[in-house]
Amino acid sequence: MSTESVVEKAWRLLLARDPSARRGDPEVIEAAAAEPRLRALFPFPSHGCLTFHRNTDFPWSNDLPFIAGEAPYKVYAMGYAELLGEAATAQEAAALLVAHLPEDCGPAVEGPWLQCNDYRPGP
């Protein structure tokens, strides 16, 4: 029996470029995976972006910044609310994203995001 979490499996498949995984920019995925705070979140590549979620199943948390495009990479606040900065490399983009994560952004919880304002993932 595997003890691999949903988050660990998602990262493993993305990094291996497994055909069953969603497609994303390999450089961005590798740079994000190298950041421990991002590696604890659920990665979700879509439409040229790499988004991150505090949970592993729909509905998503959708409250974290994300990386968009190719070099120069852009880091946006959720929903394109604000351009947080641009970076020449995927590594710089991942570091910029980490710098804008909320302090309470801990490891992703398995399952859907609870739709209430006072929900905080437990230890």
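In this text, all values refer to a predicted model and were calculated from it rather than measured experimentally.

So, on to the overall build of the protein chain. In terms of regular secondary structure, the protein chain is built from four helices and seven strands. In sequence order, the secondary structure elements of the protein chain are arranged as α-α-α-β-β-β-β-β-β-α-β. Seen along its three principal axes, the alpha-carbon backbone of the protein chain occupies a region of about 40 × 35 × 25 Å. The burial tally for the protein chain puts 42% of its 123 residues in the buried class. Sequence-distant contacts in the protein chain: of pairs separated by 6 or more residues, those separated by 24 or more amount to 42%. The positive charge centre, built from 10 side chains, and the negative charge centre, built from 17, are 5 Å apart in the protein chain.

Attention now moves to the state of the cysteines. Counted under the stated rule, the structure contains zero disulfides. Free of any disulfide, Cys 49 has its nearest neighbouring cysteine sulfur in Cys 105, separated by 18 Å. Cys 105 sits in the buried class, given a relative accessible area of 7%.

Right, let's talk about the nonpolar core for a bit. Counting residues in hydrophobic clusters, the biggest one holds 33 residues, and the most contacted among them are Leu 38 and Phe 52. Only α1 (6–16), α2 (26–33), β1 (42–46), β2 (49–53), β5 (73–76), β6 (83–87) and α4 (90–99) provide two or more residues apiece to this core. Beyond its immediate sequence surroundings of up to four residues, Phe 52 is in contact with Trp 11, Ala 32, Leu 38, Leu 41, Phe 42, Pro 43, Leu 64, Pro 65 and Leu 97.

Omega for the bond connecting Phe 58 with Pro 59 falls within 30 degrees of zero, at 0 degrees, which places this linkage in the cis form. Mapped onto the elements, Pro 59 comes out in the loop between β3 (55–57) and β4 (66–68). Between Ala 71 and the following residue, Pro 72, the backbone shows a cis peptide bond with an omega angle of -5 degrees. The topology assignment puts Pro 72 in the loop between β4 and β5. Of note in the backbone geometry, Arg 17 takes a positive phi value of approximately 55 degrees without being a glycine. Residues other than glycine seldom take positive phi values, yet His 47 does so here, at roughly 50 degrees. Position of His 47 among the secondary structure elements: in the loop between β1 and β2.

Attention shifts here to the pairing of β6. For β5 and β6, the ladder comprises four bridges, and the chain directions are antiparallel. Bridging from a neighbouring strand, Val 75 pairs with Gly 85 of β6. Taking the residues between adjacent antiparallel strands as the criterion, β5 and β6 are bridged by six residues, where Gly 79 takes a positive phi near 65 degrees.

Criteria and thresholds
- Residues numbered from 1 in each chain as written.
- Predicted model: local features only at pLDDT ≥ 70, side-chain atom pairs only at ≥ 80, totals over all residues.
- Heavy atoms only, no water.
- Helix = DSSP H or I, 4+ residues; strand = E, 2+ residues; numbered from the N terminus.
- Buried < 20%, exposed > 50% of the residue type's maximum accessible area, 1.4 Å probe, protein only.
- Contact = heavy atoms within 4.5 Å.
- Lys, Arg positive; Asp, Glu negative; His and termini not counted.
- Charge placed at Lys NZ, Arg CZ, Asp CG, Glu CD.
- Disulfide = S-S within 2.5 Å.
- Core = buried A, V, L, I, M, F, W, Y, C linked by side-chain atoms within 4.5 Å.
- Pairing = 2+ DSSP bridges.

Coordinates in, geometry out; function isn't part of it.
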